[in-house]
Amino acid sequence: MTRSSSAELLKSVEYWPNHLLTIAEWSLLPENNRYCRELVDGVLVVAPQPPRHQLAVWRLAAQLERALPRRVAAMACIELIIDDGTPPTVRVPDVLIVCGAAGAEHATRVRPGDVLAAIEIVSPGSRRVDRVMKFAEYAAAGIGHYWLLETEESLRLLTHRLQDGQYLPTGEYSGQVTLELDGVSLPLDLDALTALRAAGVPV
């Protein structure tokens, strides 16, 4: 870590909230595309968003969006209200597949009842959160499907379906696959999510 980045870190910690945030206070935070910010029991949690991770998120949302029917949408990095009580919890999944009015309007904040599937791309800084904490939270919230894209060693998509209040594994996929979500076929090219363009290939 350089001296300048260390100074920035110390400055950010100095001005960190010293109390549990409310939903209203959370809503007033300025936008910041460099980090993923979530609210867990009123505590502000921040994680970096490496460029390659962001690229995979947007590519996945784009692939899904092409196959989804009207009033269903794949949206990246939107707020999911897990609990709006005191203190509140707001997660920001990498990709959500949402339906109904939220899907038709491409809402920026949704509730579990709007969500067909939540998808997280697991990175070194999110392993425990994605595999343990969100696994339990999304199940308790009643989200029907939870998919985990594992990026360490090999690229694998692990799918789970909610049954009797807990997620049960339904498949493990790699390469080019076609998944089914509530009767809708979703063709995906998983390798293309993180592949870098070859030099000289036009954008």
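Bear in mind the structure is a predicted one, so any value in this text is a computation, not a measurement.

Novice: What should I look at first to understand the nonpolar core in this one?
Specialist: Nonpolar side chains in soluble globular proteins tend to be buried together. Among the nonpolar cores identified, the biggest contains 26 residues, and Leu64, Val95, Ile97, Trp147, Leu188 and Leu190 are the most heavily contacted of them. The biggest single contributor to this core is helix α3 (residues 51–67), with five residues. With sequence-adjacent residues up to four places away left out, leucine 190 is seen in contact with Leu149, Leu155, Leu157, Tyr173, Ser174, Gly175 and Val177. In this structure, Val98, Ala107, Tyr138 and Ile143 belong to the second largest nonpolar core, which totals 19 residues.

Novice: Help me out: how do you make sense of unusual backbone geometry in this one?
Specialist: Comment: phi is negative for the bulk of residues other than glycine, and the bulk of peptide bonds are trans. Here threonine 86 and proline 87 are connected by a cis peptide whose omega angle stands at 0°. By the secondary structure assignment, proline 87 is in the loop between β4 (79–83) and β5 (89–91). Residues other than glycine seldom take positive phi values, yet aspartate 41 does so here, at roughly 50°. Note on placement: aspartate 41 falls in the loop between β1 (35–40) and β2 (43–48). The exposure class of aspartate 41 is partly exposed, given its relative accessible area of 44%.

Novice: Would you take a moment to explain the side chain of arginine 37 for this structure?
Specialist: Summarising the element assignment, arginine 37 is placed in strand β1. Buried charge without a partner: arginine 37 forms no salt bridge, and the closest opposite charge is glutamate 79, 7.2 Å away. At 2.2 Å, the side chain of arginine 37 and the backbone oxygen of proline 30 are in polar contact. Setting aside residues no more than four positions away along its own chain, arginine 37 makes contact with Trp26, Leu29, Pro30, Glu31, Asn32, Leu44, Val45, Val46 and Val92.

Novice: Is there a simple way to think about the sheet that holds strand β8 (residues 115–122) in this case?
Specialist: Picture the strands of a sheet paired through backbone hydrogen bonds; they go either parallel or antiparallel. Taken in spatial order, the six strands of this open sheet run β3-β6-β8-β9-β10-β11, and their pairing is mixed. Unpaired on one side and paired on the other, β3 (72–76) and β11 (166–173) mark the two borders of the sheet. The sheet shows a mean angle of 20° between the axes of neighbouring strands, direction not considered. Bridge count for β3 against strand β6 (residues 95–99) is five bridges, and the pairing is antiparallel. The residue of β6 that forms the bridge with methionine 75 is leucine 96.

Novice: Would you take a moment to explain a nonpolar patch on the surface for this structure?
Specialist: Taken together, the side chains of Trp16, Tyr35 and Val46 present a nonpolar region at the surface, about 250 Å² in accessible area. Tracing the chain through its elements places tryptophan 16 in the loop between α1 (3–14) and α2 (23–27). Among the residues examined, tryptophan 16 registers a relative accessible area of 37% and is labelled partly exposed.

Novice: Where do I start with helix α5 (residues 127–141) in this structure?
Specialist: Count 3.6 residues to each turn of an α-helix, and residues three or four apart come out pointing the same way. Between the first and last C-alpha of α5 there are 20 Å, a value that for 15 residues agrees with the 21 Å anticipated at 1.5 Å per step. A maximum bend of about 40° is found in α5 at lysine 134. At the C-terminal side of α5, glycine 142 shows a positive phi close to 90°.

Quick notes on the rules
- Each residue is numbered by its place in its chain's sequence as written, counting from 1.
- In view of the model being predicted, local features appear only for residues whose pLDDT reaches at least 70, and side-chain atom pairs are presented and counted only at 80 or more, with totals across whole chains, interfaces and linings using the full set of residues.
- With hydrogens and water stripped out, all remaining heavy atoms of the structure feed into the side-chain values.
- Each nonpolar core is a collection of buried residues, namely Ala, Val, Leu, Ile, Met, Phe, Trp, Tyr and Cys, held together in the definition by side-chain atoms within 4.5 Å.
- Buried, partly exposed and exposed residues are distinguished by accessible area as a fraction of the type maximum, computed with a 1.4 Å probe on protein chains only: under 20%, between the cut-offs, and over 50%, respectively.
- Secondary structure elements are taken from DSSP: a helix is a run of H or I of four residues or more, a strand is a run of E of two residues or more, and numbering for both begins at the N terminus.
- Two residues form a contact once any of their heavy atoms are found within 4.5 Å.
- Only four residue types enter the tally: Lys and Arg on the positive side, Asp and Glu on the negative side; His and the chain ends are excluded.
- One speaks of a salt bridge when a side-chain nitrogen belonging to Lys or Arg is within 4 Å of a carboxyl oxygen belonging to Asp or Glu.
- Here a polar contact means two N or O atoms within 3.5 Å. Within protein one must be a hydrogen donor candidate and the other an acceptor candidate, and residues neighboring in sequence count only if both atoms are side-chain atoms.
- When DSSP finds at least two bridges between two strands, those strands are taken to pair.
- The axes are straight lines fitted to the C-alpha atoms, using for helices just the contacting stretch, and the angles between their N-to-C directions are given from 0 to 180°.
- In this analysis, a patch consists of residues with relative accessible area above 30% that form no salt bridge, clustered at 9 Å for like charges and at 5 Å for the nonpolar side chains Val, Leu, Ile, Met, Phe, Trp and Tyr.
- Areas reported as accessible are Shrake-Rupley estimates using a 1.4 Å probe. Residue values count occlusion only from the protein chains shown.
- To estimate how far a helix should reach, multiply one less than its number of residues by 1.5 Å.
- Two axes are fitted around each residue, one to the seven residues ending there and one to the seven starting there, and the angle between them is reported as the bend at that residue.

Any link to function would need more than the numbers given here.
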